[in-house]
Amino acid sequence: MKEKTIDYVLRTTWLAVQKMYNEEAAKFDATMAIALTLLSIDPVDGTPSTALGPKMGMEATSLSRILKTMEERGVIERRPNPQDGRGVLIHLTEFGREKREYSRERVLTFNDTIRKQVSEEKMNHFYEVAEVINEMISNKKIYNQKEDILK
């Protein structure tokens, strides 16, 4: 296999990005997962805990561990949802807002640095290809479930 497969390029690129973000986050005793969670929480109104998992593409059990760690570190607090007495809103503490701003700056620096090296046309193609891949996977257009069962 002389030519690299699409999934190989996606996987190795994502692993490199993940490693880079984790190295940056480690400087502030955090992880990329914590930074992503900080960025997914509404800094003004908070976010329902049940909305965070789907928003981040993360399973509830993994998210629960991250939220517990974040609460122990004092970056979030859980408050009852005033619209739904059964629900909980995740709010950033002042310290959490500081960490969120740092995370936001790191993401913007990454994006700006890449955009300076890659033309707008190439970036548009990158986003188009990613959209096609996501759409095809979402709509099960790559592997037909019925065909796989029959084999």
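See the structure shown above.
Residues numbered from 1 in each chain as written. Predicted model: local features only at pLDDT ≥ 70, side-chain atom pairs only at ≥ 80, totals over all residues. Heavy atoms only, no water.

Asks: Any chance you could explain the pattern of salt bridges here in plain terms?
Replies: Any two side chains of opposite charge can pair, given that their charged atoms come close. Counted by the stated rule, this structure contains eleven salt bridges. For Glu-94, the salt bridge identified is with Arg-97, shortest N-O distance 3.2 Å. Residue Glu-94 and its partner Arg-97 are located together in helix α5 (residues 94-117), separated by three residues, close to a single helical turn. Residue Arg-97 is classed as partly exposed on the basis of its relative accessible area of 34%. Put simply, Glu-24, Lys-27 and Arg-106 are held in one network by salt bridges that share partners. (Salt bridge = Lys/Arg side-chain N within 4 Å of Asp/Glu carboxyl O. Helix = DSSP H or I, 4+ residues; strand = E, 2+ residues; numbered from the N terminus. Buried < 20%, exposed > 50% of the residue type's maximum accessible area, 1.4 Å probe, protein only.)

Asks: How should the environment of Met-70 be read in this particular structure?
Replies: By secondary structure assignment, the location of Met-70 is in helix α4 (residues 60-72). Judged by its relative accessible area of 0%, Met-70 is buried. Counting along the chain gives 40 residues from Met-70 to Ala-30, while the straight-line C-alpha distance between them is 9.2 Å. Excluding residues within four positions of it along the chain, Met-70 makes contact with Ile-34, Thr-37, Leu-38, Val-75 and Ile-76. (Contact = heavy atoms within 4.5 Å.)

Asks: Where do I start with α4 in this structure?
Replies: The periodicity of an α-helix, 3.6 residues per turn, causes residues three or four positions apart to be oriented the same way. Between its first and last C-alpha atoms α4 spans 18 Å; for 13 residues at 1.5 Å apiece the expected length is 18 Å, and the two agree. Those residues of α4 that sit buried are Leu-63, Ile-66, Leu-67 and Met-70. Summarising the axial view, the buried residues of α4 lie within an arc of 100°, below the 170-degree limit, and thus occupy one face. Facing away from the buried side of α4 by over 90 degrees, the exposed positions are Thr-61, Arg-65, Lys-68 and Glu-72. Looking at the buried positions of α4, the neighbouring elements they touch are α2 (32-40), α3 (49-56), β2 (76-81) and β3 (84-92). (Expected span 1.5 Å × (residues − 1). Arc of directions from axis to C-beta.)

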